Every structure is written in C-alpha cells, then in structure tokens.
Amino acid sequence: MADIALESVTRKFPDGTLAVNELNLEIAEGEFVVLVGPSGSGKSTALRMIAGLEEITSGTVKIAGKVVNDLPPRDRDIAMVFQNYALYPHMSVADNMGFALKLRKVPKEDIAKRVKDAAELLGIEDYLQRKPRQLSGGQRQRVAMGRAIVREPAAFLMDEPLSNLDAKLRVQMRTEIAGLHQRLGTTTVYVTHDQVEAVTMADRVAVLRDGMLQQVDTPQRLYDYPVNLFVAGFIGSPAMNMVPARVTSKDSGAVVVFGSHEIKIPAKRLQASKLEEFKDKEVILGIRPEDFEDPDLIPERQEENLLEVKVSLSETLGSETIIYFDVDAPAVLTKDTMDLSSDASVEEAAASEPRNESTFTARLNPKTKARGGEAARLAVDASRLYFFDPTTGRVIG
Amino acid sequence: MSRSQEAAIGRPTDVAVPRVGFGRWFRKHKLEVALVIPLVAYVMVLTVVPILDTFRISLSGRAGNSFPSAQNYTSIFASRVFRTAIKNTIIVSLLSLSMELVLGMIVALTLHAKFFARGFVRTVALIPLGVPTIVSGAIMLLLFSRSGYLNSLMFVFVDLVNNIPGVNLEFQALSWTVAGGWRTLFTVAVADMWKVLPIVTLIFLAGLQSISEDVYEAASVDGATKWQRFMRITLPLLVPFITMAIILRAIDAFRIYELALVLAGRIEPVLGTYIGGRYLPPTNDPFTAASASIVLFGIIMIFIVAYLKFVAGRSRSA
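1. Here's the deal with the overall build of chain B
- If you tally the helices and strands in chain B, you get 15 helices and 0 strands.
- Looking at chain B as a whole, 39% of its 318 residues qualify as buried.
- Taking the contacts inside chain B whose residues are at least 6 apart along the sequence as the reference set, 69% of them involve residues at least 24 apart.
- Accessible surface for chain B amounts to roughly 18400 Å². Of this, 70% is attributable to carbon and sulfur atoms.

2. A look at helix α1 (residues 43-51) of chain A
Residue and element names in this part refer to chain A.
- A large share of α1 lies buried, amounting to 8 of its 9 residues.
- Along α1, the residues that are buried comprise K43, T45, A46, L47, R48, M49, I50 and A51.
- A positive phi of about 95 degrees marks G52, the residue just after α1.

3. What to know about the sheet that holds strand β2 (residues 18-27) of chain A
Residues and elements named next belong to chain A.
- In spatial order, the strands read β2-β1-β4-β5; together these 4 strands make up an open sheet with antiparallel pairing. Unpaired on one side and paired on the other, β2 and β5 (66-67) mark the two borders of the sheet.
- As paired elements, strand β1 (residues 4-12) and β2 share 6 bridges and run antiparallel to each other. Looking at β2, one finds that K12 is bridged to L18.
- Relative to β1, α1 is tilted by about 115 degrees, and along the sheet it contacts β1, β2 and β4 (58-63).

4. With respect to the packing of aromatic side chains
All names here are of chain A.
- With the rule as written, the count across this model stands at 14 aromatic pairs over all chains.
- Ring-pair connections join several aromatic residues into one group, and the members of that group are F258, F292, F325 and F360.
- Sitting above the plane of the Y88 ring, R147 keeps its charged end 4.7 Å from the centroid.
- Between K281 and the ring centre of F278, over which it is positioned, the NZ or CZ distance is 5.6 Å.

How each quantity is defined
Residues numbered from 1 in each chain as written. Chains lettered and ligands numbered in written order. Predicted model: local features only at pLDDT ≥ 70, side-chain atom pairs only at ≥ 80, totals over all residues. Heavy atoms only, no water. Helix = DSSP H or I, 4+ residues; strand = E, 2+ residues; numbered from the N terminus. Buried < 20%, exposed > 50% of the residue type's maximum accessible area, 1.4 Å probe, protein only. Contact = heavy atoms within 4.5 Å. Areas by Shrake-Rupley, 256 points an atom, 1.4 Å probe, with all protein chains shown as cover. Pairing = 2+ DSSP bridges. Axes fitted to C-alpha atoms, helices over the stretch in contact; angles between N-to-C directions. Phe/Tyr/Trp six-rings, centres within 6.5 Å; stacked < 30°, edge-to-face > 60°. Lys NZ or Arg CZ within 6 Å of the ring centre and 35° of its normal.

Have a look at this one:
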C-alpha cells in the first residue's frame with residue numbers, strides 16, 4: 001500500500017493536444033479516488049501516467065514518496081484493470097492471474113495458493129482452468145480484478161473497468177469493487193465517465209475537464225458545493241437545472257427573476273455570499289431537481305416561492321416521480337453546459353436550439369398529482385439555490 | 001438443415017436421392033446448378049482428370065500391355081538421382097522454410113513498429129512478390145555466380161581482414177550455383193526465401209495486428225520485460241499464424257521448379273526438375289515422370305491435409 005502524488009503533471013501529445021494540464025492530486029494511502037469527466041477530459045491519460053504506460057511531459061508522479069517518472073510499469077508495483085480486461089487469450093484463468101507472480105519467480109505452490117484465495121474472494125474458483133474466451137463479460141471482469149488482487153500491489157489502477165458490462169451487472173460489480181476495497185484497503189485510483197459510479201464508490205472524486213482538474217472532494221461536498229457550472233452540472237442525476245437570471249431588490253429583500261418566474265432569496269443567503277455584487281447583473285441560477293417539491297406534500301406549508309408551471313412529461317419511477325416542464329427563459333449556452341450536453345450521462349442537458357425556452361427537471365414525491373400536460377405548482381427550496389458568474393462559470397458564494 | 005439444403009451444398013451422401021426427389025430438387029435449384037457447372041467443369045478438366053490420368057500413366061509401361069504395374073515406381077526408387085532429388089527437395093524446403101520463418105518474423109516485427117514512412121516501406125517489402133520467378137532466379141545468378149556480388153563482397157571482406165597484421169586469408173572465387181552440394185542447395189533456398197518472404201511477412205504482420213495493444217500493456221504492468229512479452233505473449237498468440245505459414249509454404253516449397261532449374265540445373269536435382277528432366281527431351285519418358293509426379297503429389301497432399309486439420313479446421317471451430 002502506498003500513497004500517490006501527482007505534482008503539476010502534464011501530458012502533451014505529439015500533435016500538440018494538452019491531454020492533462022498541470023494536474024495536482026494527492027491520493028492518501030488506502031484511499032479510493034475516482035477520476036471522472038467526459039470523454040477527452042484526460043482522466044485515462046492521467047491514470048496511464050501513474051501506471052507508466054504514458055509518457056509524462058512535465059511534472060512528477062510519486063508512488064510511496066518515490067518519484068517514478070522514469071520507471072517502467074513493471075518497477076512501479078501497481079496493478080491495473082483495463083476497460084477491455086486485456087486478459088491473455090492463450091492462458092487459462094489461473095495462468096492469467098498468476099502471470100505476474102510467475103515473472104517474479106514466486107514458488108509454484110505460493111502462486112497456486114494466492115490464485116486460489118483471490119479466486120475464492122471473487123467467486124471464480126470454478127473457472128480457473130478455462131480460457132478467457134469461454135467466459136462471460138462479467139466473469140472476465142472478475143478475472144481481470146483477480147489478476148490485480150493476487151499481486152498484492154501498492155495500488156490498484158482501474159480504467160473504466162465496468163463500462164463493458166450491462167447495466168445490472170455494472171451496479172452489482174460496483175458494490176463488489178467497493179466491498180473489495182473496504183476489505184483489502186489498497187490505494188485505488190479509478191477512472192470512469194459515469195458520475196453515478198464515481199459518487200457511489202469514491203472516498204474522494206476528482207472532476208476533470210479538458211485536462212484540467214476542476215474540483216476534488218468527497219462526493220457529498222461535490223454535490224453540495226460545486227465550484228463551477230461544469231461540476232454542478234456533472235455531479236447529480238438528473239442534472240441541475242440552469243437558467244440565466246437576474247438578482248434584483250424587491251420590497252425589503254432580494255429576488256431572483258428568470259423568465260416569468262420569481263424566487264425570493266433568503267436574507268441569510270444574500271448576506272453570506274458575494275451575491276450583492278451581482279445585483280442587477282445577469283447570473284446563472286442553478287436549481288437541483290431534488291429542490292423542487294409538490295407544495296401539498298411538504299410538512300410545513302409554503303406560501304412563497306411557488307412556481308406555476310405546465311408539466312410536459314412525467315415519469316413515475318415508484319420511489320419518485322420525475323417531471324419535465326418548460327421555463328420561458330433561454331437555455332444556458334456556455335462552454336460548461338455544452339461540454340456537459342455532449343456527455344451521455346447527463347440527461348436533459350440544455351437544449352441546443354436558440355429559443356426562449358428551456359426544459360427543467362424536478363424530482364418529486366411519488367404521491368404528487370402532477371401529470372404530463374397539466375398545470376402544476378411547485379415549491380422551491382430557496383435556501384438551496386446556486387448562483388454562478390456567467391462570464392467565468394464559477395460559483396458565486 | 002433440410003435435405004434440399006444439404007444437397008444444394010453438395011453433400012456426397014445426398015447423391016443417391018430417390019429419382020422423384022431428385023427431379024423435384026433439380027427443378028427447385030436449376031439456377032444454382034447452372035451457376036456451379038462452369039466451376040465443376042473447370043476443376044474436372046484442368047485438375048481432376050489430369051491427376052487421374054497422370055496416375056494412370058504412372059502405372060502403365062512403355063509397351064502398354066502391363067497395366068497396372070508398379071514397375072515405374074520400382075525403377076525410380078531404384079534410381080540414385082531420384083533419391084537425391086527427394087533428399088534435395090527436403091533440404092531446400094527445410095532450409096528456405098526456416099530462413100523464411102526467422103527473417104519473416106524479424107521483418108514483420110520491424111514493419112509492425114511505428115516509424116516514419118512505414119506505409120512506403122511496407123509496400124517496398126512486397127516487391128519480390130511481383131517479380132516473375134524466373135527473373136528472381138536470374139537476379140540470384142547475379143549474386144551467386146563466379147563473378148557475382150557475393151564473391152566481390154567476400155573479396156572486400158577478406159581484404160579488410162588481411163589488414164590486421166599477421167592475418168593472411170586466401171579466398172578463391174566460388175561459383176556458388178554450379179558448385180554442387182550444399183552451396184547450390186543453399187542458393188536455391190535463398191532464392192526461394194527472397195521470393196516468398198513477403199507472404200510470410202504479411203501472414204505474421206496480420207497476426208501481430210490481431211493482438212490487441214492492451215494485452216501488452218497488461219503484461220508490462222504485470223512485470224514483463226520486452227523479451228518476456230515477446231516470448232510469453234507475442235509468440236504463443238502467433239502460433240496459429242506460424243502454423244499457417246509453415247504449412248502453406250511447405251506445400252509451395254516442395255514443388256519448387258523454376259528457381260532450381262535456373263540456379264541448379266541438373267547438378268542438384270529437386271523433385272520438380274527431376275520430373276521435368278524425365279518428361280522432356282532427351283529422356284522423353286512420361287511414365288517415370290508420372291510416377292515421380294504422383295510421389296510429389298503425395299508429399300504435398302500430406303501438407304494439405306495438415307493445413308485443413310490444423311489451420312482451416314481450427315478457424316472454423318473458433
């Protein structure tokens with residue numbers, strides 16, 4: 001086990017693309033860190049630099065306090081799980097798992113024992129004599145995990161290990177990998193483009209975009225305190241609703257206006273942030289789908305901050321009901337939101353056609369009577385509004 | 001699979017379909033039969049019938065009254081020249097095959113690596129394939145004849161070595177091709193290797209490209225050095241391609257003719273030139289030529305069966 005440190009790590013491809021730009025990241029011993037971001041964000045390149053499979057243009061990578069920039073992968077004491085598993089097709093499952101130990105000249109009996117232990121841990125002891133092509137996708141995935149586990153390495157590096165599995169198996173393996181990490185306690189760096197995978201498994205999540213680290217924090221803090229529009233839109237499913245808005249004074253307080261809607265900003269929220277500076281200027285307002293509710297279904301009666309909307313579609317999921325409604329304000333079209341909408345994991349990202357309308361998502365108590373095609377009233381939790389600077393995309397707070 | 005489908009792809013067991021059934025089958029598959037007839041006729045007239053006829057001739061005698069007789073076979077096996085031809089054929093085949101495999105692997109590994117103008121170099125490497133065999137034989141004569149390039153090189157080398165004080169090597173110009181013995185066989189094998197190296201290289205290159213890059217990456221993370229990656233990953237995964245190359249090339253190598261004719265003439269016969277020599281003037285003996293052909297045919301069949309079993313069969317079941 002070991003800690004991993006990336007210090008100003010940069011990777012510039014021969015064609016000039018900056019795949020990873022000045023990445024600083026410290027991964028503590030035993031920590032499970034997920035690198036997440038849309039495709040092309042540099043997360044896999046970062047992982048491959050830790051593994052030694054990708055050249056480091058500048059900066060240093062340290063494993064267990066030792067600079068490993070010039071060490072080949074085999075001298076870094078790390079194990080890697082690949083997206084396509086990369087099993088050795090000509091070897092049996094047992095040989096696949098024991099390959100690294102065999103190269104290290106570990107005695108045969110020891111190899112057999114460690115392979116057997118790992119196979120039991122993963123429930124693949126019945127397949128040890130099979131060849132990879134005789135296994136299903138899920139079984140291959142386990143073998144790839146087993147190959148990493150028998151090594152007892154300083155760290156596990158996993159490059160989208162679940163993306164080739166079907167949805168159900170992915171959820172199951174997600175729990176299993178998290179469980180394995182709890183049991184083995186090995187430092188793990190895990191790359192995924194799926195923010196759900198990231199927040200469910202990680203001790204800490206590092207969000208990357210265009211080779212730059214956006215934010216690194218615990219999943220809950222990323223959700224509660226995103227630093228910019230990109231992180232706000234990326235973390236959370238369904239994604240945060242965003243809309244251009246204006247903060248103005250009204251009566252004795254302040255309100256935020258978007259389209260024909262108006263929400264009163266609690267005085268505390270206004271005082272605690274730099275929001276005052278943005279008065280009468282344009283901001284981007286963010287509301288999480290979870291912060292809408294059917295006013296009839298909240299414990300305390302709410303008199304203000306009720307939006308009158310026309311529901312265009314409702315999805316009943318049993319545990320919750322998702323409704324979609326249009327707001328008469330243009331969609332947010334900054335680089336942040338464009339990057340998000342190209343990513344498959346973000347549903348209902350801002351529509352790209354330039355019209356004075358954007359679709360909002362709300363996540364309601366399943367007892368709600370709001371149905372597609374009907375009008376509805378929605379209560380907004382005004383204490384949980386997010387405001388962003390439209391020029392920088394940074395959160396105002 | 002239904003009966004008619006089976007019949008359509010020509011299972012021999014279905015030849016004896018009842019008459020009524022056959023009539024109905026024929027009406028149903030008129031077009032297919034019409035389309036297959038030219039190919040069947042081609043194979044019959046140009047392959048099957050000549051082979052059968054050669055077989056018949058090989059069992060006939062000059063007098064024509066002793067059919068069938070094994071007399072031609074006993075006479076060629078009694079002939080020292082024929083036994084030498086078989087031995088030479090095997091030597092040339094093994095020699096050129098092993099050189100092709102080793103060099104083909106080296107060239108394929110080189111062409112597989114990424115480097116400047118790789119596409120151009122890959123194309124250039126194919127050139128020997130486009131050279132007519134007889135021409136490549138002529139090129140080899142330029143290399144290996146008494147005043148050829150190889151001897152010139154040897155002289156240069158000997159002169160260089162002789163610069164070292166105390167060394168005094170002597171080199172006599174060798175006539176590699178007509179010297180007889182291993183030198184002649186070696187030149188034939190080199191010529192054959194030069195000619196077909198591109199095919200072997202292409203087979204290996206295809207094999208190398210079928211191995212996915214992340215398997216190598218996994219191996220290097222697992223602790224394998226470059227050499228270990230080659231020995232434990234590349235070679236085992238290339239086995240089907242190596243088998244294919246060996247068998248395909250063996251089939252070809254045994255029926256070597258033009259190169260042996262140009263470079264070795266009658267000094268060191270191989271089966272091909274032996275058969276030609278028996279058949280053509282001044283010998284004019286089609287009977288022993290036929291029986292020697294049948295022997296060659298038998299050797300080649302062994303490799304064809306091996307190919308069907310180890311290469312074609314495996315790819316079907318995979």
